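# Chains, contacts and geometry: an overview
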Amino acid sequence: MTKPLPCCPVETTLLLIGDKWKVMILRDLMTGTKRFGALRRSIPAISQKMLTQQLRAMEADGLVHREVYAEVPPRVEYSLTETGESLRPVLDAMFVWGRQYQRDQGEGVA
């Protein structure tokens, strides 16, 4: 990562994952390695261009690892780096908070 980081740790976290697409990508990669198509299907509202941009940014920030296999057609897989995996408690906390908020608003989920 070459960009200067903010002094505030919360701002640093938001700089890296403060985009809704990045959080959704992290959510999907928490369950394991995924191919581009699988990520695209699991986040239907994201465009192919945006998914590519977000994955490239996350790779540059050291959150995601991109593995290209020399096959025809080429196969590309994405997985979390150790740094990306370290965000698991953050996403878990967001899940718990969101579920409680849904319940408080009468939109409870099973």
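Overview of the structure. (Residues numbered from 1 in each chain as written. Predicted model: local features only at pLDDT ≥ 70, side-chain atom pairs only at ≥ 80, totals over all residues. Heavy atoms only, no water.)

Another aspect to go through is the layout of surface pockets. Taken as a whole, the largest pocket holds about 230 Å³ of empty space. Lining the largest pocket we find Val23, Met24, Arg27, Met30, Arg88, Leu91, Asp92, Met94 and Phe95. Looking at the lining of the largest pocket, the element that brings in the most residues is helix 6 (residues 88-104), giving 5 residues. Grouping the constituent residues of the lining of the largest pocket by class yields 6 nonpolar, no polar and 3 charged. (1 Å grid on protein atoms, 1.4 Å probe; cavity = no way out; pocket = protein on both sides within 12 Å on 5 of 7 lines; lining within 4 Å. Points joined across faces, edges and corners; volume = space filled by probe spheres on them. Helix = DSSP H or I, 4+ residues; strand = E, 2+ residues; numbered from the N terminus. Nonpolar A, V, L, I, M, F, W, Y, C, P; charged D, E, K, R; others polar.)

As summarised here, the arrangement of the 3 strands in space is 1-3-2, forming an open sheet in which the pairing is antiparallel. Lying at the two open borders of the sheet, with one neighbouring strand each, are strand 1 (34-35) and strand 2 (64-69). Two elements, strand 2 and strand 3 (residues 75-80), share 6 bridges in a ladder whose sense is antiparallel. Of the residues in strand 3, the one forming a bridge with Glu67 is Glu77. The sheet contacts of helix 2 (residues 20-29) involve strand 1, strand 2 and strand 3, and relative to strand 3 the element is tilted by about 95°. (Pairing = 2+ DSSP bridges. Contact = heavy atoms within 4.5 Å. Axes fitted to C-alpha atoms, helices over the stretch in contact; angles between N-to-C directions.)

What follows is about the environment of Gly84. One can find Gly84 in helix 5 (residues 82-85). Using a relative accessible area of 0% as the deciding quantity, one classes Gly84 as buried. Every residue in contact with Gly84, bar those within four places of it in the chain, is listed here: Met30, Gly62 and Leu63. (Buried < 20%, exposed > 50% of the residue type's maximum accessible area, 1.4 Å probe, protein only.)

Inspection of the entire model under this criterion finds 1 aromatic pair. Relative to Tyr101, the ring of Trp97 has its centre 5.3 Å away and its plane inclined at 15°; by these criteria the two rings are stacked. Placement of both Trp97 and Tyr101 in helix 6 is noted, with a separation of 4 residues, approximately one turn of the helix. A cation sits over an aromatic face here: Lys20 above Trp21, 4.6 Å from the ring centre. Just above the ring of Tyr69 sits the side chain of Arg75; from NZ or CZ to the centre is 3.8 Å. (Phe/Tyr/Trp six-rings, centres within 6.5 Å; stacked < 30°, edge-to-face > 60°. Lys NZ or Arg CZ within 6 Å of the ring centre and 35° of its normal.)

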